[in-house]
Amino acid sequence: MRKMVERSKVRVLVAKPGLDGHDRGAKVVARALRDAGYEVIYTGIRQTPEQIVEAVIEEDVDVLGISILSGAHMVLIPKILKLLEEKGIKVNEDVLVVAGGIIPPDDAEELKKMGVAEVFGPGTPLREIIEFIDKNVGKLKKFRESS
């Protein structure tokens, strides 16, 4: 059984790409993660993929949570994944990438094939998101090497 990573050692970036101006859900998730003991950075609304990837690097995060409600998820999320790769950041090896928002099931499956670890829809219990991160963050190279 994999050793559980102490939440206070896990840095999570919650990002809102594109022109989507609705951030209540992202703020609720960010607060729940913070209250659960994670260190959380919230980028604010209307971030470009480039700004998000730069924040991933600057903040040295372990988890990238992408919140998107605008319908542009099949453009913006693949672009973020590509930019991470171009910067030498391996998705789900160096940083765990999850997404949430209004993402149809077929698109969610495509995003998972591209490397998104999980897609959480509206109404997902916050406990489920926390448990997913708890279960999967220990698979990152940084935490495997330190155990």
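Calculation rules
- Residues numbered from 1 in each chain as written.
- Predicted model: local features only at pLDDT ≥ 70, side-chain atom pairs only at ≥ 80, totals over all residues.
- Heavy atoms only, no water.
- UniProt positions renumbered as here; feature names shortened; annotations may be inferred.
- Pairing = 2+ DSSP bridges.
- Helix = DSSP H or I, 4+ residues; strand = E, 2+ residues; numbered from the N terminus.
- Axes fitted to C-alpha atoms, helices over the stretch in contact; angles between N-to-C directions.
- Contact = heavy atoms within 4.5 Å.
- Buried < 20%, exposed > 50% of the residue type's maximum accessible area, 1.4 Å probe, protein only.

Looking up the protein chain in an unreviewed UniProt entry gives the name 147aa long hypothetical methylmalony-CoA mutase, with the organism given as Pyrococcus horikoshii. Regarding the protein chain, the relevant UniProt record gives this comment under Cofactor (unreviewed entry): "adenosylcob(III)alamin".

Visitor: An account of the sheet that holds strand E3 (residues 63–68) is needed here, citing residue identities and associated values.
Guide: Working definition: the strands of a sheet are paired by backbone hydrogen bonds and lie parallel or antiparallel to each other. Strand order in this open sheet of 5 strands is E2-E1-E3-E4-E5, and the pairing throughout is parallel. Taken across any chain shown, the strands that pair with only one partner, and hence form the sheet edges, are strand E2 (39–42) and strand E5 (118–120). Looking at each pair of strands side by side, their axes are set apart by 20° on average, direction ignored. Strands E3 and strand E4 (96–101) of the sheet are contacted by helix H3 (residues 73–86), whose axis makes an angle of about 160° with E3.

Visitor: Tell me about the environment of Ile102, and please be specific about residues and values.
Guide: Looking at the secondary structure, you find Ile102 in the loop between E4 and helix H4 (105–114). On the basis of relative accessible area, Ile102 is assigned to the partly exposed category, the value being 47%. Residues Ile102 and Ala55 lie 47 residues apart in sequence; the distance between their C-alpha atoms is 23 Å.

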